[in-house]
Amino acid sequence: YKLPDAARRKIGMPARDKTMRVADNAAAAAALLRASDILSRPAVAPAALAAVERILSDAWSDDSGAARVIPPQGEKPDFSETRLADNALLARALIEAYQTTGETRFLDKAEAAAALIHKNFRRSDAPEFSLYEAAASSGGATVCSSDSFSNLVAVSVLSDLYLLTDKEDYKTRADALVATMKAMS
């Protein structure tokens, strides 16, 4: 802002990206739901739950998982390319929603997201549980390297699902991801 206010006003408003990304909204919802519980601030939860509900209603497919972008109301989501980050962060938000509300539908969706992650993002050149690819495409092959951050979120999701459900498969997958990431460091 080197220009004086009057000069800046002549230039006009800068362009603003109004895209609502699933990963950003899911991460924010998970953080707010967790803070709501830990900080005893229940007034924070409704907005976070609304974000989760919006993603589920407008950017989720039981076949494809989470879209990258939450479309404007009334428009259809684009599932041609999905990303591990969107699905892993949504699963994280769903777990937090379950822990906040006790509604099993959130836990069921978190398990569905974990299953889709395993089905759609598992690396074809790696052992069964080792790493997940950052992207999957329904329109042909998408070449993308593994994404460490999203794999760490997946470890968190799988670990929590194991604690919540006692299903050993989640623990096995989380352990394998951790071992693979440790071997890579």
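Here, the structure is the one placed above.
No experiment lies behind these values; they were computed from the predicted model shown.

### Let's talk about the packing of helix α6 (residues 148-165) against helix α7 (residues 168-184)
Piece 1. Running from N to C, α6 and α7 point in directions that differ by 150 degrees, and their axes come no closer than 8 Å. In terms of orientation, α6 and α7 fall into the roughly antiparallel class. Classified by chirality, the crossing of α7 by α6 is left-handed. Residues Ser148, Asn151, Leu152, Ala154, Val155, Leu158, Ser159, Leu161, Tyr162 and Thr165 of α6 pack against Glu168, Tyr170, Lys171, Arg173, Ala174, Leu177, Val178 and Met181 of α7.
Piece 2. For the contact of α6 with α7, the class distribution of residues is 11 nonpolar, four polar and three charged.

### Looking at the pattern of salt bridges
Piece 1. As enumerated under the stated definition, the model contains 13 salt bridges in all.
Piece 2. Here Glu103 makes a salt bridge to Arg105, at a shortest N to O gap of 2.7 Å.
Piece 3. With its nearest N and O atoms 3.1 Å apart, the salt bridge here joins Arg173 to Asp169. Separated by four residues within a single helix, Arg173 and Asp169 lie in helix α7, roughly one turn from each other.
Piece 4. In this structure Asp169 comes out as partly exposed when scored by relative accessible area, which is 39%.

### Regarding the packing of helix α3 (residues 45-58) against helix α4 (residues 84-101)
Piece 1. Between α3 and α4, the least distance of the axes is 10 Å, while the angle of their chain directions is 130 degrees. Judged by the angle between their axes, α3 and α4 are oblique. Viewed along their axes, α3 and α4 form a crossing whose handedness is left-handed. Facing α3, whose interface residues are Ala45, Leu49, Val52, Ile55 and Leu56, α4 presents Leu90, Ala93, Leu94, Ala97, Thr100 and Thr101.
Piece 2. Class assignment of the residues belonging to the contact of α3 with α4 gives a composition of nine nonpolar, two polar and no charged.

Basis of the calculations
- Residues numbered from 1 in each chain as written.
- Predicted model: local features only at pLDDT ≥ 70, side-chain atom pairs only at ≥ 80, totals over all residues.
- Heavy atoms only, no water.
- Axes fitted to C-alpha atoms, helices over the stretch in contact; angles between N-to-C directions.
- Helix = DSSP H or I, 4+ residues; strand = E, 2+ residues; numbered from the N terminus.
- Parallel < 35°, antiparallel > 145°, perpendicular 65-115°, else oblique.
- Left-handed = near helix turned anticlockwise from the far one by under 90°.
- Contact = heavy atoms within 4.5 Å.
- Nonpolar A, V, L, I, M, F, W, Y, C, P; charged D, E, K, R; others polar.
- Salt bridge = Lys/Arg side-chain N within 4 Å of Asp/Glu carboxyl O.
- Buried < 20%, exposed > 50% of the residue type's maximum accessible area, 1.4 Å probe, protein only.

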